[in-house]
Amino acid sequence: MLRGCVSLARGLRPGLRAAPHGAWPGPRLAAAPQPFWGHTAGFSQLGRPKDFALPNPSWSQDMMSLYNKFAEMAKDGTWKRIPSYDRSVDHLPERVRQAFKEVRQDTRFFLRNTDAEGIGFEYVMFLNPTEKRIVCLFQPGPYLEGVSGFAHGGSIAAIIDSTVGGCAIFAAGKVMTANLSINYRNPIPLGSVVLVDSKVDRIEGRKVFLSCEVRNVDGQTLHAEATALFIQLDTKTSQQQEACSP
Ligand SMILES: CCCCCCCCCC(=O)SCCNC(=O)CCNC(=O)[C@H](O)C(C)(C)COP(=O)(O)OP(=O)(O)OC[C@H]1O[C@@H](n2cnc3c(N)ncnc32)[C@H](O)[C@@H]1OP(=O)(O)O
């Protein structure tokens, strides 16, 4: 029990973040922790809805190359691919999902609200449970245009909110964004691939503080940086708490 908590706490040490959060991270030597995120078996059983966080023909070479690198790193459990669905509630780990008693049937998850591949949000997230970190590979399609040829700031905010949100859900269960502060540093060309690299910085009571950087594939261009505050709504649904309980 204690070991599980200690290994998670170690994941927060700043040194692990010393490498710029942009370029895709190299393979990690840290021991693989318990796969807290949604116990992926629960997400991949027969009868589950379509998983959109898998390669499709619209993915560019950069996207495929990064995906393959993370998929390789996922083999030892250091990173875990997070399945993605077109309904919000399906993203939640089973234990958190149970907290939602009634769920509307006519809704779509905002980032998965276009049916055609490649025109909207193409993305896949990978969780590193030890580091309480999620890296999202994001390829904005032409329907996300803001200034001509570049991604709309709102679409960038949405992918950041969802990525840091994933971290917050992992750490604290049922949460909502209370604050999201973004500095946009360089525009993101439509069709390019960026890495949205987020982590939990600290948790104080019900407050989960996170930070995030968005960089291009080689890590040299900082597109955006953000901080976020999420508020835990239900203290019983944290996977971390679950993992630390007997
Ligand atoms: C893998 C895929 C994952 C997909 C993830 C998708 C994530 C998407 C997330 C979202 O977009 S959520 C939608 C946008 N957010 C909202 O609509 C939230 C609207 N706001 C609220 O519902 C409430 O304000 C909120 C739940 C955030 C907080 O209300 P509470 O009544 O639960 O908390 P309260 O006001 O008592 O505040 C608790 C603490 O947080 C602090 N706090 C609350 N809001 C704050 C704020 N905005 N800034 C700073 N501090 C804040 C507050 O001061 C206090 O601090 P102390 O405990 O120290 O006194």
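Scroll up a little and you will see the structure.
Residues numbered from 1 in each chain as written. Predicted model: local features only at pLDDT ≥ 70, side-chain atom pairs only at ≥ 80, totals over all residues. Heavy atoms only, no water.

Novice: Describe in detail unusual backbone geometry, supporting the description with residues and values.
Specialist: The backbone of Lys132 shows a phi angle near 45°, a positive value even though the residue is not glycine. Looking at Lys132, the relative accessible area reads 3%, which means it is buried. (Buried < 20%, exposed > 50% of the residue type's maximum accessible area, 1.4 Å probe, protein only.)

Novice: Mind laying out the site of the ligand, listing which residues take part and the relevant values?
Specialist: The immediate surroundings of the ligand are formed by 13 residues, with Asp161, Thr177, Ala178, Arg206 and Lys207 found nearest. Asp161 places a side-chain nitrogen or oxygen 2.7 Å from an oxygen atom of the ligand. At the level of elements, helix H5 (153-172), strand E4 (174-184) and strand E7 (222-234) are the ones that each hand at least two residues to the shell around the ligand. In the shell around the ligand, the residues fall into seven nonpolar, three polar and three charged. (Near = heavy atom within 4 Å. Polar contact = N/O pair within 3.5 Å; in protein donor to acceptor, adjacent residues only side chain to side chain. Helix = DSSP H or I, 4+ residues; strand = E, 2+ residues; numbered from the N terminus. Nonpolar A, V, L, I, M, F, W, Y, C, P; charged D, E, K, R; others polar.)

Novice: Quick one: what's the story with the sheet that holds strand E6 (residues 207-216), residue by residue and with numbers?
Specialist: Judged by pairing direction, the sheet is antiparallel, and its seven strands sit side by side in the order E1-E2-E3-E5-E6-E7-E4 without closing on themselves. In the strand order of this sheet, the two ends are held by strand E1 (80-82) and E4, each with one partner. If you compare each strand with its neighbour and ignore which way they point, the axes differ by 25° on average. On top of the sheet, H5 reaches strand E2 (121-128), strand E3 (133-140), E4, strand E5 (194-204), E6 and E7; it is set at about 140° to E4, its chief contact. (Pairing = 2+ DSSP bridges. Axes fitted to C-alpha atoms, helices over the stretch in contact; angles between N-to-C directions. Contact = heavy atoms within 4.5 Å.)

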